[in-house]
Amino acid sequence: MSNSFQQLFPSTNELCYLNHAAMAPWPTLVSEAVQSFAEENARIGARDYDTWMQRENDCRERFARLLNAQADDIALLKNTTEGLSVVAQGLPWKAGDNIVIPDCEFPSNRLPWVQLESLGVAVRSVAIHVNDPEQALQAACDENTRLLAVSAVQYADGLRLHLDKLGRFCQANQVLFCVDAIQQVGMLPLDVQACHIDFLSADAHKWMLGPEGLAVFYTHPDVREQLTLTQSGWRQMDNPFQFHRNSWEPSKTGRRFEAGSPNMLGIVATHAALGMLLEIGMDTVAQRAMANGDYLRNQLSQRDNIELLGNTAPERCSAIVNFRPLGVLPAALYRDLRKVDVITALRGEGLRLSPHFYQSTALLDTALQHIDEILASQTE
Ligand SMILES: Cc1ncc(COP(=O)(O)O)c(C=O)c1O
């Protein structure tokens, strides 16, 4: 797969960066947007603040387009954890309620719920590496289940859940549906309406190719006001610059969750990154990211010194690939790959590779060749 998309990413000249499930290298377009914003700040400060606010609104629009939502459903928060915590701290829990989550979640989608145990709320952790993970999650719900909270794609091995099925179940059973989408948005399309999602949170620094510190927090309008606000501030009003007013009623939109000044630098960078994804089109991005994941899975499965981990059924896998080298510790392989500028991650039981859409097969082959050479030298 030769492609011109690689030219948009200077990192491809330096390394085989197979770690988008942790943090993405920026495309040139993002670093240029940040540089130009820095220069503007230095030259004229916030003289043209109106244009900054325009970009902030556009950023909400772009997130909304990615999720098939409305801009009014979007809040710009600082990370995935913050969005999930707004839900955990905002819902009116009562003793005896329970929350259902998968047993292998990244801590962001576990700790905010576990904290509620002191209120008498039970957290039910469900094994999802089974034949039918959605059925397993549904079976754990009962009449006291208030919320089902899942990662769309699991961080360690890339297991993909069928959100539409879970969303339909939640809707039919009056269970709120909350999705940690950081490992899906920017890699695969996600439709909050088709999946009946009530709350969704995702930081921009992975598949969305943006910076840390800027996250999308989606709330469905029908359930938004069930969340008691945990912060109060001037920016959560509809016309935030009317400082002299009689009513301080928070906006009915997602802005109600944004209490103070925004992370405008993060917005500038994310706005540029989302613009690129939308222009290329999420169908193209997803098709290419998946093709890269499939290529690595296919190549690795042909090696007898490697065991692929995770569910490799086509409808379950993603651009996250995890494997265990046989006879060599994953940590040793990880370390030696870093020395030759192949950037991976140790996650779960193995080594995680997470290519993105813009990378060529030739780049993936270089990484595979390094893996072969290191394994051969370490088992000699
Ligand atoms: C599934 C999942 N959720 C959340 C996070 C990170 O959350 P935050 O944006 O709060 O740092 C990660 C990071 O690896 C993740 O894989």
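Given the structure is predicted, the values throughout are model-derived calculations rather than measurements.

(A) The arrangement of the overall build of the protein in detail. The number of helices and strands found in the protein is 11 helices and 13 strands. For 380 residues, the compact-globule formula gives about 21 Å, and the C-alpha radius of gyration of the protein, at 22 Å, lands near that figure. Overall, the protein is about 75 × 60 × 30 Å in size when its C-alpha atoms are taken along their principal axes. Relative to its 380 residues, the protein shows a buried fraction of 45%. Considering only residue pairs separated by 6 or more positions, the protein has 71% of its internal contacts joining residues 24 or more positions apart.

(B) Examining the nonpolar core more closely. If you look at the biggest cluster of nonpolar residues, it comprises 106 residues, and the most contacted ones within it are Leu148, Phe177, Cys178, Val179, Leu200, Tyr218 and Ala273. Here this core takes eight residues from helix α8 (residues 264–280), the largest share from any one element. When residues of this core are sorted by domain, at least three fall in each of domain 1 (5–18 + 282–378) and domain 2 (29–279). Those residues in contact with Tyr218 that lie beyond four places of it in its chain are Leu67, Ala69, Asp73, Ile74, Val192, Phe199 and Leu200.

(C) Representation of the site of the ligand. The full set close to the ligand counts 13 residues, and Asn79, Thr80, Thr81, Tyr155 and Asp203 are the nearest of them. Among the residues forming the shell around the ligand, the class breakdown is four nonpolar, seven polar and two charged.

(D) The arrangement of the packing of helix α1 (residues 28–44) against α8 in detail. Relative orientation of the contacting elements α1 and α8 amounts to 150 degrees, with a least axis distance of 8 Å. Our pair here, α1 against α8, has a crossing hand that is right-handed. In this structure, α1 contributes Leu29, Val30, Ala33, Val34 and Phe37 to the contact, and α8 contributes Leu265, Val268, Ala269, Ala272, Ala273 and Met276.

(E) Up close: the environment of Ala362. Residue position: Ala362 is located in helix α11 (residues 361–378). Ala362 sits in the exposed class, given 11 other C-beta atoms within 10 Å.

(F) How the structure looks around the domain arrangement of the protein. As far as domains go, the protein holds domain 1 (5–18 + 282–378) and domain 2 (29–279). For domain 1 versus domain 2, the separation of C-alpha centres amounts to 29 Å. Between domain 1 and domain 2, the residue contacts involve 20 residues of the former and 16 residues of the latter. The dominant element in the side of domain 1 that touches domain 2, judged by the number of residues it contributes, is helix α9 (residues 282–301), at five residues. By residue class, the composition of the side of domain 1 that touches domain 2 is 10 nonpolar, six polar and four charged.

(G) Expanded view of the environment of Arg43. Along the polypeptide, Arg43 turns up in helix α1. Distance from Arg43 to His356, taken between C-alpha atoms, is 36 Å for residues 313 residues apart in sequence.

(H) Seen up close, the sheet that holds strand β13 (residues 350–353). Judged by pairing direction, the sheet is antiparallel, and its four strands sit side by side in the order β9-β10-β13-β12 without closing on themselves. The sheet is open, and its two edges are formed by β9 (306–309) and β12 (345–347), each paired on a single side. The mean angle between the axes of side-by-side strands here comes to 40 degrees, regardless of whether they run parallel or antiparallel.

(I) Main features of helix α6 (residues 163–172). Residues Leu163, Leu166, Gly167 and Cys170 constitute the buried set of α6. Looking straight down α6, one finds that the buried residues subtend no more than 100 degrees of arc, so they occupy a single side. Elements that come into contact with the buried residues of α6 comprise α5 (133–139), β5 (145–151) and β6 (176–180).

(J) Molecular detail of the packing of α9 against α11. One can describe the packing of α9 onto α11 by two numbers: an axis separation of 11 Å at closest approach and a directional angle of 35 degrees. Judged by the sense of rotation from one axis to the other, the crossing of α9 with α11 is right-handed. Taken together, the residues of α11 that come into contact with α9 (itself represented by Asn292, Tyr295, Leu296 and Gln299) are Thr361, Leu364 and Leu368. Residues belonging to the contact of α9 with α11 are distributed by class as follows: four nonpolar, three polar and no charged.

(K) Focus on the pairing of strand β7 (residues 199–203). Judged by how many residues are buried, β7 sits mostly within the fold: five of five residues are covered. Residues Phe199, Ser201 and Asp203 of β7 are buried on one face, and the alternating residues Leu200 and Ala202, pointing to the opposite face, are buried as well. Strand direction decides the pairing type here: β7 and strand β8 (residues 215–219), joined by five bridges, are antiparallel. Looking across to β8, one finds that Phe199 is bridged to Thr219.

Reading the values: rules and limits
Residues numbered from 1 in each chain as written. Predicted model: local features only at pLDDT ≥ 70, side-chain atom pairs only at ≥ 80, totals over all residues. Helix = DSSP H or I, 4+ residues; strand = E, 2+ residues; numbered from the N terminus. Rg over C-alpha atoms; globule rule 2.2 N^0.38 Å. Buried ≥ 20, exposed ≤ 12 C-beta atoms within 10 Å, placed from the backbone. Contact = placed C-beta atoms within 7 Å. Core = buried A, V, L, I, M, F, W, Y, C linked by C-beta atoms within 7 Å. Domains from an automatic or database assignment. Near = placed C-beta within 6 Å. Nonpolar A, V, L, I, M, F, W, Y, C, P; charged D, E, K, R; others polar. Axes fitted to C-alpha atoms, helices over the stretch in contact; angles between N-to-C directions. Left-handed = near helix turned anticlockwise from the far one by under 90°. Pairing = 2+ DSSP bridges. Arc of directions from axis to C-beta.

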